[in-house]
Amino acid sequence: MKAKWWNIIRSKYKNMTVYVFLILFGVATPFAMFTPAQTEKVAVVTTLGIDKNEQGQLEVSVLTIAPSGSATPENQTLQLYSAVGEDVSQCMLRLSLAIGKEVGIAHCDSIVIDKTLLEEGITPYLDYFVRSSNLISNAFLICCPSGAKELLQVTTSEKNDYNLSLRSIIFHLDDYMFTTQATLSYYYEKLFSQNPSYIMPIIDVKDSKEPTFATGSTNASTSEEDSTSSSGSSSNQQSSQGQSSSGEQNQKTIKSEGKSLVLYQGKLVKELSQEESYAMNILAKTTSKGILMAYDVTTDQLQNAKVTMKITNSQVQYQAKFLDGKPVFHLDCHYVCSLDSIVMGEYELSDYQATTSYLDSILEDKIKEHIFAIASTLFNNGKSSKIDYLESYRYFEAYHPQEWKEYLKKVGEENYLDSMLYTIDITIDTKI
């Protein structure tokens, strides 16, 4: 038996491939053992911010990973560097000189942009990243009204949980606020399309003592904001400390309130109102969670109640068609809900016997009435602002190309929304 194995080994060593492998192994081993780690040559950037400072200079800030001991995320710290320059390219060069390493943005998952730059138009500032083969094309674009650098400073806090990145906030919000489309590649796809409007999420920095969604005044008509507050403020309790004028320590924290901006041809047009955000939450095809609301509901069981139904799943289909030569954009909305809360002046014991599947015809009509109202607001505001929120252009062009072409000749490319008709069918089922 021993002789048999020895013969097999001897036959293998007669093969020249084995010797070639051993030679290559011997040559490569010293290089692998003594070559410095990649992180000693490259500063790995996770998040990048672009601001205009008080002097009007462009300032680029980066968060880099600084490995400490073990390479696990818990043992990695984030370091903030920034540099000013005439453009992004010059800022990146100066950052490299300041850090003493090449700035690597292959792992950069978020680009945070100051609101001031959005008002000017951000296309010139994104040109560097499009030409750089070093950047992943699905990096998210995020607006921070308080300034990109300040947002990055908060994430470097000692209390920062590395696993709760800006990217994770965006992915969580996507169930409610269609945010995973807010990428660099999608920005350019929209920029050169017939509908160059682009929705960008807002993540801000606020005092930790200030409650999320605080606006100074609240009333029933604006409580649609609750639809996006299902995502809540980000669970990131990331904070940095700064001295106040009184000498006390003020803690800053990242807060996401489900807000969004609308860019048209790369420039800021408007911030979505609470009502518009709520409408997009329940009418967008890409969202699946949220709430449906009804006001002044009076039935055999309820008296002037405000009822909230939690959406556990939604399916929204769009259909483009022509009726008497006019474009009609139809929405078929199907929601699966459960009863979330009932708010009214007085309660009886029987009111608490309702199951989570409670839904009668009166309540259903009230919910539909509210959806129709906020949808009408969204569509009318879109027409006045020339913003095609639901991408109707793309549907008509794809399914009725000839009729659509003739329609555009009559009204003009920029006025196609003016004569657009919107219709909605709503089906509401309850989850047992």
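All values derive from a computational prediction rather than experimental measurement.

Reading the values: rules and limits
Residues numbered from 1 in each chain as written. Predicted model: local features only at pLDDT ≥ 70, side-chain atom pairs only at ≥ 80, totals over all residues. Heavy atoms only, no water. Helix = DSSP H or I, 4+ residues; strand = E, 2+ residues; numbered from the N terminus. Buried < 20%, exposed > 50% of the residue type's maximum accessible area, 1.4 Å probe, protein only. Contact = heavy atoms within 4.5 Å. Areas by Shrake-Rupley, 256 points an atom, 1.4 Å probe, with all protein chains shown as cover. Salt bridge = Lys/Arg side-chain N within 4 Å of Asp/Glu carboxyl O. pLDDT = per-residue confidence, 0-100. Core = buried A, V, L, I, M, F, W, Y, C linked by side-chain atoms within 4.5 Å. Polar contact = N/O pair within 3.5 Å; in protein donor to acceptor, adjacent residues only side chain to side chain.

Draft legend 1. The overall build of the protein chain, seen in detail. Scanning the protein chain from terminus to terminus reveals 13 helices and 16 strands. Among the 432 residues that make up the protein chain, the fraction classed as buried is 44%. Taking the intrachain contacts of the protein chain between residues at least 6 apart in sequence as the baseline, contacts between residues at least 24 apart amount to 72%. Per element, the accessible surface of the protein chain, about 22700 Å² overall, is 51% carbon and sulfur.

Draft legend 2. Inspection of the pattern of salt bridges at higher detail. Using the criterion set out here, one finds eight salt bridges in the structure. Across the pair Glu59 and Lys149 runs a salt bridge, and its minimum N-O distance is 3.0 Å. A residue pair is termed long-range when its members are at least 10 positions apart, and Glu59 in strand β2 (residues 58-67) and Lys149 in helix α6 (residues 148-155) qualify at 90 residues. A relative accessible area of 11% places Glu59 in the buried class. Relative accessible area serves as the criterion here: at 24%, Lys149 is assigned to the partly exposed category. For Glu271, the salt bridge goes to Lys115, with nearest N and O atoms at 3.9 Å. A residue pair is termed long-range when its members are at least 10 positions apart, and Glu271 in strand β12 (residues 267-271) and Lys115 in helix α4 (residues 115-120) qualify at 156 residues. Residue class for Lys115 comes out partly exposed when judged on its relative accessible area of 25%.

Draft legend 3. Structural detail: unusual backbone geometry. With a phi close to 55°, Gln265 is a non-glycine residue in the positive phi region. Structurally, Gln265 is set in the loop between β11 (260-264) and β12. When its relative accessible area of 52% is taken as the criterion, Gln265 is described as exposed.

Draft legend 4. Quick peek at the confidence of the model for the protein chain. Averaged over the protein chain, the pLDDT score is 79; the fraction of residues at 70 or greater is 72%. Ignoring residues within four places in sequence, the model shows residues 70-75, a span with pLDDT below 50, making seven contacts including any to other chains. Note that pLDDT drops below 50 for residues 216-249; the model gives that stretch 74 contacts with residues more than four away or on any other chain.

Draft legend 5. Spotlight on the nonpolar core. Formed by 53 residues in total, the largest nonpolar core has its most connected members in Ile282, Leu283, Leu292, Phe329, Leu331, Tyr335 and Trp404. Of all the elements in the fold, those that place two or more residues in this core are α10 (274-283), β13 (290-297), β14 (305-323), β15 (326-343), α11 (361-385), α12 (392-399), α13 (401-411) and β16 (421-430). Setting aside residues no more than four positions away along its own chain, Ile282 makes contact with Ile291, Leu292, Ile311, Val316, Tyr335, Ile371 and Ile374. Ile111, Leu117, Tyr125 and Leu268 belong to the second largest nonpolar core, which has 39 residues in total.

Draft legend 6. The environment of Asn195, seen in detail. For Asn195, the position within the fold is in the loop between α8 (184-191) and β7 (197-201). The class for Asn195 is buried, based on a relative accessible area of 4%. Separated by 192 residues in the primary sequence, Asn195 and Ile387 have C-alpha atoms spaced 7.7 Å apart. Look past the residues within four positions of Asn195 in its chain and what remains in contact with it is Lys190, Asp388, Glu391 and Tyr416. Here Asp388 takes part through its backbone oxygen, which lies 3.1 Å from a polar atom of the side chain of Asn195. A distance of 3.4 Å separates a polar atom in the side chain of Asn195 from a polar atom in the side chain of Glu391.

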